[in-house]
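Inside the fold
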Amino acid sequence: MNSKLRQDLWKFKEAKKVTSLDKAIFLGLTIAGLISIFNLLEWWFRKEHIENFYLFIVLSLLFVYGNIRIALIWINYLRIQKPKEVPVPEKNLTVAVFTTSSPGEPLSMFENTFKALKNLNYPHTTYLLDDTRDKAFKELAEEHDVVWLELLDIPGAKAGKINEALKITKEDFILVLDPDHIVFPNFLDQTLGFFKDEKVGFVQVSQGYYNMFRSFTAQGAAEQTYVFYGPTQMGLFGYGGAVAIGANCTFRRKALESIGGHAKGLSEDLNTSIRLHSKGWKSIYNPVIVSRGLVPEDFTSFCKQQLKWARGVFEMLFDEFPKASKGLTFWQKVSYASIGTYYLVGPMTAFFIFVPFLFFTTKISPVKIDFGEFIILGTPILLIAILVYAHAQKFLCDKKTERGIHWRGMVLKYSCWPVFTYAFFLSIINKNVPYIPTAKVAVKGFMSPFVKPLILYCFLFIILLTGIYIERRYYISESELILTAEKTWGMIGFAMIAFVQFLGGIIAAYKSLFIKAEDAWSKIEITKEKKFKIK
C-alpha cells in the first residue's frame, strides 16, 4: 500500500446513500436467485438421486442449510439503508469512554489511543479500566487526562470490568472502545445525535483498520469484515436488528441498566445486543469510519481470535437466543439465528471433505447424480451471488481499500474449519475457552494445532490422487473407466476445491515465519491540530 493511500486511511469515510434503483437491482437479483435455488433443490431431491439414504439425509440437510444462508444474505439486502441524516448531538450530554488494558498488552499502543481520545470534539471523560498491575499504565493515563480505574480480579473479563466501571461512574452515555483503536475527532458527533430518540439503546459505527497491508493473514482478516461492517449491517439496520460488534459502540446507560449491565461471555457484544433488542430497545447503524484499529497479522493469532469468536457465537445461539427470542421481532429472530449458525461452516466443511475420501476408499456415496446437471443448475446461483456481492460493494465504507474479490478472506474462512469445528464441539460439551486479548503484534511461527489438520488433508489428498491414478491406470477396465469417469472427476474436483483453499491457509501460516514484528501504531503520529501523519 503506497504512502498516499495509507494517509487516506485517516480521513472520514462513509457508505453511499441507498437509492430506489439500488433496491430494485437487489430485488431483481434476489427473485432470480430464489427461483434458481428452488430449481436446484427440486432437482436434488428426486428419488433416483439417493444412493446411501442416511448419508443423503445428512448431506441434504447441510446442502439446504447452505442455500438458505445464501438466500438470507440476499433477502437482508432488500432493506439495506443508512440513516437519512446524522442528527447534531444535544449540548451538555454526559459521555464516558471506556477502554480496557489487560496483562500482555503493549503500553506504547495506548499512547496514540489516549491522544486521539483527547482530541474528540465532543466533551467527555475517558476511563482506563486496568487490570495489568503495572503502574506505568496509571502514569500514562494520568499524563493524558484519562481517569485510571484499577479493576483487579473482576470475573467476566472485559464485560466484567465495564459493569464494575458502570457502578462507579454516572455518565448517561458510554462509548466502549478497544484499546487498539485510534478514534477520529468527529467520532461522537456521528453517534450521540441519534439518542434524541429515547428508544435508541445503542449506536454502532463501522470498523476500519490500518495494519491490513502487513501480511497475507492481515489482509484476509480485514477482507472478512468489509461486507459485514458495510452492507450487511446496513441490511440488519433496515430490519431493526443491527448488532453491537464489541468496539466502537455507544450505549445509553439506561439501556444497559435495563438488562443488568453489559452481558458477559466470549461474544459479550452479541449477547448484549440481543438482550437489548429483546427488551424493545432500538439500535442504529451508522456506516461511517471514524476510527481505525488492528487485525491479527499472523495465522495462529487469527485462529485464536476465531476460536474465541466462534465459541462465543455458539454460546449466544444455545444460551442467549432461546431466552431472548420471545421479545424479538420475527426478522430479529431470523438475523440472530443466521448470525448464530455462521460458524457451522466448520462442521459442514468437515463433512464435505469427508465425502470424497469415503467414496474413493469404500465406493460409498450419498448421491448418484449427473455432475453436469448439477453444474448447469448451480451456475446461475453462483453467478447471481457474484452479482449481488459486486452490487453490495457499492455500500462499503471505504471503497478505495475495501473493494475487491476478497479471496484471501475466503481462503482464511475455509482454512479455519478445524477451529470452527472445535468451537462447535466445545459448545456441545459446554466447555469454555479463556478470554485472551488478540495479539497486537505479529507472532512468528508456522506449525500450530490450527495448521496441522490442513497439512494432513493436503497430504492425504495427494496420496489419494496418486492411488486413484494407479488404480485407474493399471487395474480398471476401459469400460469401467468410461462408466465411472464422471463421478470420479466430480469427486476429485470437489476435493480439489478444499485442497486449494487449505493450501492457501498453509501458505498464510508459512508466511508468518517471515513477518517482522513491529508496532503498527508507532508509524502513526497524532498532531496537536488533531491531524494524523504517517511516519
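It should be noted that the structure appears before, not after, this text.
Residues numbered from 1 in each chain as written. Predicted model: local features only at pLDDT ≥ 70, side-chain atom pairs only at ≥ 80, totals over all residues. Heavy atoms only, no water.

1. As for the sheet that holds strand β6 (residues 182-183)
Through backbone hydrogen bonds, the strands of a sheet pair up, either in parallel or in antiparallel fashion. Strand order in the open sheet made by the three strands is β6-β12-β8, with mixed pairing throughout. Two strands close off the open sheet at either side, each with one partner strand: β6 and β8 (208-209). When β8 meets strand β12 (residues 291-293), the two strands line up parallel, connected through two bridges. Pairing of Y209 across the sheet is with G293, part of β12. (Pairing = 2+ DSSP bridges. Helix = DSSP H or I, 4+ residues; strand = E, 2+ residues; numbered from the N terminus.)

2. Describing the nonpolar core
Counting residues in hydrophobic clusters, the biggest one holds 140 residues, and the most contacted among them are Y210, F299 and Y457. Among the elements that take part in this core, helix α11 (residues 299-324) stands out by supplying 11 residues, more than any other. Counting residues in each nonpolar core, the second largest holds 20 residues, with A96, F98, L166 and W281 among its members. (Core = buried A, V, L, I, M, F, W, Y, C linked by side-chain atoms within 4.5 Å. Buried < 20%, exposed > 50% of the residue type's maximum accessible area, 1.4 Å probe, protein only.)

3. Description of the packing of aromatic side chains
Taken as a whole and judged by the stated rule, the model has 35 aromatic pairs. On the basis of an interplanar angle of 45° and a centroid distance of 6.2 Å, the ring pair of F63 and F374 is categorised as tilted. Pair noted here: F63 is in helix α3 (residues 53-77) and F374 is in helix α14 (residues 371-392), with a separation of 311 residues, a long-range link. By relative accessible area, F63 is classed as buried at 13%. Directly above the ring of F359 sits K363, whose terminal nitrogen or CZ lies 5.7 Å from the centroid. One residue, R473, lies across the ring of Y474, its end atom 5.1 Å from the ring centre. (Phe/Tyr/Trp six-rings, centres within 6.5 Å; stacked < 30°, edge-to-face > 60°. Lys NZ or Arg CZ within 6 Å of the ring centre and 35° of its normal.)

4. Details of the packing of helix α7 (residues 216-226) against helix α16 (residues 407-415)
Look at α7 against α16: their axes get within 7 Å of each other, and the N-to-C directions meet at 90°. Here α7 is positioned roughly perpendicular relative to α16, judged by the angle of their axes. Note on element contacts: α16 touches α7 through W407, R408, G409, V411, L412 and K413, opposite F216, T217, Q219, G220, A221, E223 and Q224. In terms of residue class, the contact of α7 with α16 is built from five nonpolar, five polar and three charged. (Axes fitted to C-alpha atoms, helices over the stretch in contact; angles between N-to-C directions. Parallel < 35°, antiparallel > 145°, perpendicular 65-115°, else oblique. Contact = heavy atoms within 4.5 Å. Nonpolar A, V, L, I, M, F, W, Y, C, P; charged D, E, K, R; others polar.)

5. Examining the pattern of salt bridges
Tallying each qualifying case throughout the model produces 26 salt bridges. Two residues, R275 and E320, come together in a salt bridge whose shortest N-O distance is 2.6 Å. One end of the pair, R275, is in helix α10 (residues 268-278); the other, E320, is in helix α11, with 45 residues separating them in the sequence. Given a relative accessible area of 26%, R275 falls into the partly exposed group. Connected through salt bridges with shared partners, the residues D8, K11, K13, R292, D398 and K400 form a single ionic network. (Salt bridge = Lys/Arg side-chain N within 4 Å of Asp/Glu carboxyl O.)

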